Amino acid sequence: MVEIMTQPAKLALEDGTVFTGVSFGAAGEVDGEVCFNTSMTGYQEILTDPSYRGQIVTMTYTEIGNYGINEEDVESGKPHLAGFIVKEVTDRPSNFRSQESLDSYLKRHGIVGLAGIDTRMLVRRLRTGGAMKEIISSTDLDDASLIRKAKASPGLVGRDLVREVLPSQPSNWQQPLSQWAKLTLEPNPAFEQKDFHVVALDYGMKWNIARHLWDEGSRVTILPGTATAEDVLAYQPDGVFLSNGPGDPEPLDYAHNCIRGVLGKVPVFGICLGHQLLGLACGAKTFKLKFGHRGANQPVLNVLSGKVEITAQNHGFAVEEDSLPSCLE
């Protein structure tokens with residue numbers, strides 16, 4: 001670490017494991033379900049992704065904060081995760097776009113951070129034992145007390161976390177991709193026509209999804225994920241997008257009912273939580289993954305082209321394949 005941090009802090013898992021490190025970001029205590037992300041960059045996007053609501057994120061890459069924080073590379077208006085764990089944190093970033101250090105940013109938004117622990121050991125324990133509830137504290141350093149608190153944490157299963165990250169009202173999206181994203185894209189004048197109208201149901205949507213839809217030539221109307229099928233169809237959309245979002249898809253009855261109400265009337269597509277909700281609306285089941293799947297370097301085989309594509313993934317639940325209804329009936 002460039003700047004030595006000395007305030008001690010601890011991480012306790014529900015299985016009784018305790019790690020001792022140092023505090024950065026906001027001081028205090030926070031509980032949640034611990035997960036890990038294998039991305040080497042993109043920590044700012046991870047911090048502001050509403051899908052991480054209720055979770056404490058561990059970065060597997062060793063040093064985080066090198067390029068600081070800027071106002072462009074955000075996926076929502078603020079960080080949503082419960083806490084942030086890194087091996088080492090850089091407090092003096094070096095990048096021409098940097099406007100603030102990671103430590104300062106977390107302090108400003110009240111996010112508790114922990115550095116200086118063996119993140120390899122933590123990730124191995126999660127991969128072996130599965131996702132666990134945990135607590136980070138810089139105020140209570142008693143191991144037994146912290147373990148009791150970790151065990152009492154509510155976890156993710158059965159909770160409706162979407163209501164904590166919903167937009168307050170409908171909106172029309174008009175923000176394009178940043179100039180940095182467009183450096184690798186070929187300009188297409190047809191994208192300016194805005195011939196198609198997409199209604200995006202926001203369960204905790206990353207802003208870059210809406211930016212891409214806009215840049216691809218669509219008018220984009222964003223509705224809170226609690227909208228009804230009647231609300232959606234009143235906009236006469238050409239397609240309906242179901243966004244990502246946090247937590248367990250099963251308790252979200254309002255979303256299941258809305259999706260069932262638009263299926264067969266307009267094309268529907270979803271990603272992450274939206275994909276799981278679409279599966280549930282069609283009669284399938286979902287299940288909790290052992291430790292989730294999160295990273296920006298995940299290979300996926302495109303069965304149509306035979307090519308392997310490198311993708312970003314972030315999900316702790318999945319659709320049970322054997323429960324999917326037949327498409328031939």
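Look up a bit, the structure's there.
Residues numbered from 1 in each chain as written. Predicted model: local features only at pLDDT ≥ 70, side-chain atom pairs only at ≥ 80, totals over all residues. Heavy atoms only, no water.

The next thing to look at is the pairing of strand E16 (residues 308–319). Inspection of the sheet shows strand E15 (residues 286–301) paired to E16 by 10 bridges, in the antiparallel sense. Bridged to Leu 301 within E16 is Val 308. (Pairing = 2+ DSSP bridges. Helix = DSSP H or I, 4+ residues; strand = E, 2+ residues; numbered from the N terminus.)

The next subject is the packing of aromatic side chains. Scanning the entire structure with this criterion turns up four aromatic pairs. Judged by centre distance (5.1 Å) and plane angle (50 degrees), the rings of Phe 241 and Phe 269 are tilted. Here Phe 241 is found in strand E13 (residues 239–242), whereas its partner Phe 269 is found in strand E14 (residues 268–270), with 28 residues between them in sequence. Note on Phe 241: relative accessible area 4%, which makes it buried. Here Phe 269 falls in the partly exposed class, since its relative accessible area comes to 39%. Cation over ring: Lys 288 sits above Phe 317, and NZ or CZ is 5.9 Å from the ring centre. (Phe/Tyr/Trp six-rings, centres within 6.5 Å; stacked < 30°, edge-to-face > 60°. Buried < 20%, exposed > 50% of the residue type's maximum accessible area, 1.4 Å probe, protein only. Lys NZ or Arg CZ within 6 Å of the ring centre and 35° of its normal.)

Counting 22 residues, the largest nonpolar core has Leu 201, Tyr 203, Val 232 and Leu 242 as its most contacted members. Mapped by element, the contributors of at least two residues to this core are strand E11 (196–202), helix H6 (229–233), E13, helix H7 (253–262) and helix H8 (273–281). Ranked by residues supplied to this core, first place goes to H7 with five residues. In contact with Val 232, other than residues within four places in its own chain, are Val 199, Leu 201, Leu 223, Pro 237, Val 240, Cys 258 and Val 262. Counting residues in each nonpolar core, the second largest holds 20 residues, with Phe 24, Tyr 43, Ile 64 and Val 86 among its members. (Core = buried A, V, L, I, M, F, W, Y, C linked by side-chain atoms within 4.5 Å. Contact = heavy atoms within 4.5 Å.)

Below, the discussion takes up the pattern of salt bridges. When the charged atoms of two side chains with opposite charge come close together, those side chains can pair. The tally for this structure, following the rule as stated, stands at 12 salt bridges. Where Asp 143 meets Lys 10, a salt bridge forms, and the shortest distance between an N and an O atom there is 2.6 Å. Here Asp 143, found in helix H4 (residues 143–152), pairs with Lys 10, found in strand E1 (residues 8–13); they are 133 residues apart in sequence, far enough to count as distant. For Lys 10, a relative accessible area of 15% translates into the label buried. Here Glu 33 ties to Lys 288 by a salt bridge, and the two come within 3.0 Å at their closest N and O atoms. Remark: Lys 288 occurs in strand E15 and Glu 33 occurs in strand E3 (residues 29–37); sequence separation between them is 255 residues. Here Glu 33 falls in the buried class, since its relative accessible area comes to 7%. Assessed through its relative accessible area of 30%, Lys 288 is described here as partly exposed. (Salt bridge = Lys/Arg side-chain N within 4 Å of Asp/Glu carboxyl O.)

Here seven strands make up a closed barrel; going around it, the order is E1-E2-E8-E6-E4-E3-E9 and the pairing mixed. In this sheet, adjacent strand axes meet at a mean angle of 35 degrees when their direction is disregarded. Of the pairings in the sheet, the one linking E1 to strand E2 (residues 18–25) comprises five bridges and is antiparallel in character. Bridge pairing in E2 links Pro 8 to Val 22. (Axes fitted to C-alpha atoms, helices over the stretch in contact; angles between N-to-C directions.)

All right, on to the sheet that holds strand E10 (residues 171–173) then. Judged by pairing direction, the sheet is mixed, and its five strands sit side by side in the order E10-E12-E11-E13-E14 without closing on themselves. Every interior strand has two partners, whereas the edge strands, E10 and E14, have only one. Taken over all neighbouring pairs, the strand axes of this sheet differ in orientation by 25 degrees on average, direction set aside. Relative to E13, E11 runs parallel, the two being bridged by four bridges. Residue pairing for E13: Ala 200 is matched across the bridge by Phe 241.

Glancing now at the layout of surface pockets. The computed volume of the largest pocket comes to approximately 1,100 Å³. If you go around the largest pocket, you meet 41 residues; those closest to its centre are Glu 75, Lys 206, Thr 311, Ala 312 and Gln 313. Examining the composition of the lining of the largest pocket, we find that nine residues originate from one element, E16, more than from any other. Residue composition of the lining of the largest pocket, grouped by class: 16 nonpolar, 17 polar and eight charged. (1 Å grid on protein atoms, 1.4 Å probe; cavity = no way out; pocket = protein on both sides within 12 Å on 5 of 7 lines; lining within 4 Å. Points joined across faces, edges and corners; volume = space filled by probe spheres on them. Nonpolar A, V, L, I, M, F, W, Y, C, P; charged D, E, K, R; others polar.)

Within the secondary structure layout, Asn 37 lies in strand E3. For Asn 37, a relative accessible area of 2% gives the class buried. Within the structure, the side chain of Asn 37 is placed 2.9 Å from the side chain of Tyr 52, a separation counted as a polar contact. Excluding residues within four positions of it along the chain, Asn 37 makes contact with Ile 46, Tyr 52, Val 57, Thr 58, Met 59, Thr 60, Arg 294 and Gly 295. (Polar contact = N/O pair within 3.5 Å; in protein donor to acceptor, adjacent residues only side chain to side chain.)

This brings us to empty space enclosed by the protein. On inspection of all chains with the given rule, the structure shows one cavity of 30 Å³ or more. Reported here for the largest cavity is a volume of approximately 150 Å³. In terms of lining residues, the largest cavity is bounded by 16 residues, among which Ser 51, Gly 245, Gly 247, His 315 and Gly 316 are the most central. Those elements giving two or more residues to the lining of the largest cavity turn out to be H8, E15 and E16.

All of the buried residues along helix H2 (residues 102–109) are Leu 102, Asp 103, Tyr 105 and Leu 106. Along H2, the residues classed as buried sweep out an arc of 165 degrees about the axis, all on the same side. For H2, the elements touching its buried residues are E2, helix H1 (43–47), strand E5 (63–64), strand E6 (83–85) and strand E7 (88–89). Following H2 by one or two positions, Gly 110 has its phi on the positive side, about 70 degrees. (Arc of directions from axis to C-beta.)

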